[in-house]
Amino acid sequence: MLAPEQILHACMILSVESDEGLNADLISLIKDALGCDDEDHAAALEHIDEHRDGGKWGGRRDAVLKRSADRANEALANGQLSDSGPVADGLASLLDEADDGEIDPFAELGVQAGAASVGGAADQGADLLAAFMDDDEEEEEMVDSAGFLTETIDLDGAPTSSESDDESEDESDDDDSDSSDSTEEEQESESTHAVSPLAAYEMLMSTCWVDGILDPAEAKLLARKRGELSISFEEHLTLLREMLERES
Amino acid sequence: MMEEHTPFWHALELAWCGDGALSLHSVRLLDAMQQMISLDDSTRAAIESRFEEEIVADLTRAGFGCGDQPLAALVGTLTFLDDPAAQEVARALGKSALLAGLSKERWLFSCAWMDQLGLGTPFMEGVWLEGDDAGELARVPAVLVPVARQIGLINDDN
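Let me begin by describing the structure that accompanies this report. (Residues numbered from 1 in each chain as written. Chains lettered and ligands numbered in written order. Predicted model: local features only at pLDDT ≥ 70, side-chain atom pairs only at ≥ 80, totals over all residues. Heavy atoms only, no water.)

1. Considerations on the interface of chain A and chain B
The line we're drawing: Every residue pair with non-hydrogen atoms within 4.5 Å of one another is taken to be in contact. Summed over both partners, the accessible area lost on bringing two parts together, with a 1.4 Å probe, is the buried area. Salt bridge criterion: a side-chain nitrogen from Lys or Arg within 4 Å of a carboxyl oxygen from Asp or Glu. Working definition: helices are DSSP H or I runs of at least four residues, strands are E runs of at least two. Numbering for both runs from the N terminus. Classes in brief: Ala, Val, Leu, Ile, Met, Phe, Trp, Tyr, Cys and Pro nonpolar; Asp, Glu, Lys and Arg charged; the others, Gly included, polar. Two strands make a pair as long as DSSP finds a minimum of two bridges between them.
On the chain B side, the residues contacting the 17 residues of chain A number 15 residues. Interface area for chain A against chain B, summed over the two sides, is near 1,500 Å², with a carbon-plus-sulfur share of 75%. Among the residues of chain A in contact with chain B, Trp209, Leu214 and Phe233 of chain A are the three that bury the most area, contributing 36% of the side total. Put simply, chain A and chain B have 1 salt bridge between them. The partner of Glu130 of chain B in a salt bridge is Arg226 of chain A, with the nearest N and O atoms 2.7 Å apart. At the level of elements, strand 3 (213–214), helix 11 (216–229) and helix 12 (233–247) of chain A are the ones that each hand at least two residues to the side of chain A that touches chain B. Partitioning the side of chain A that touches chain B into residue classes produces 11 nonpolar, 2 polar and 4 charged. Judged from the 2 bridges that link them, strand 3 of chain A and strand 1 (residues 102–103) of chain B form a sheet pairing that is antiparallel. In the strand pairing of strand 1 of chain B, Ile213 of chain A is matched with Ser103 of chain B.

Put into structure tokens, the structure is as follows:
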């Protein structure tokens, strides 16, 4: 269940980013419906002013809008906001705008909404969507539990950590415990398929000569790699000869 | 080894292609060259037989083997191989080739030429920055001019 101030914040973002701009009347209705006070409203507004970045949201506009729409939809779905009346109508309009131009992931993935399933088409659609959304780790990291951005953007445009990073990291640590086994398996799998030093060096050498000209920087890189990988000059010449013979 | 890019192939061109005839003097010069670059008989036989098939067969005689003069000049340049600095010069030439931008074609030509002179290893080390840093190339010995021209260090103007 989302906190009321989270929902209010999400709705305000959707409203601010709509074509008409912030709809004070609609936000006031939502605020009252959620039981939020002026302080919640002011805090959300202050956060939006601080991070909006002229609508670019530090280059993460799409992610922020998507997360806000998700929160509004969730509030409508679980009854925290009425699914009828002026609030619902206003939100529906905002959500329609937020959906404009979005790519349907199911269509892109070739998943048909009417496909047969044990739980029915609607359930399957919801499950698939949930699975799809679970991949949004990047978005999880950029928006905290309160719906605020977890990173601020410095003057150079480079992200800098905010105080909420620590909290979200702590939470994600717990979540990661389930996935640690699979991560280890993946690492083992990667090490099993590790490329031999000679193969890696040959790959690097062919890359260095991919433009047809060897330059000093490339020769230096290869010389350094020979040292790091303990590849002799004779082995280097053999690999080179084989590579050139294959190409001829 | 790409035979057509070797000094001995070049010597055969000098000996034959001036007027489509090979003089006895040229034959002796070729023998001398074989010894100077320590070319074994089988390798020489392979080069000469291919040269005769691909080049000599299409020549038309127009003289008495005037190619011995430029061939003698080439053989004279081989004394450079006795120079103690030859290895270092080869390394420097390799580094210069790298700095000039080395294509695969240039690499293959250069290696074929330098290998037959016994200077392949230092040249390759110079190209691939192996071992001690190669020095600067002060001047190009005559026997290495074809390589220097091939890798773009010198052109017909200089």
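So that's the structure; there's more coming.
2. Points about the side chain of Lys104 of chain B
Along the chain, Lys104 of chain B turns up in helix 6 (residues 104–116). Beyond its immediate stretch of four places on either side in the chain, Lys104 of chain B contacts Trp209, Gly212, Leu244 and Glu247 of chain A.

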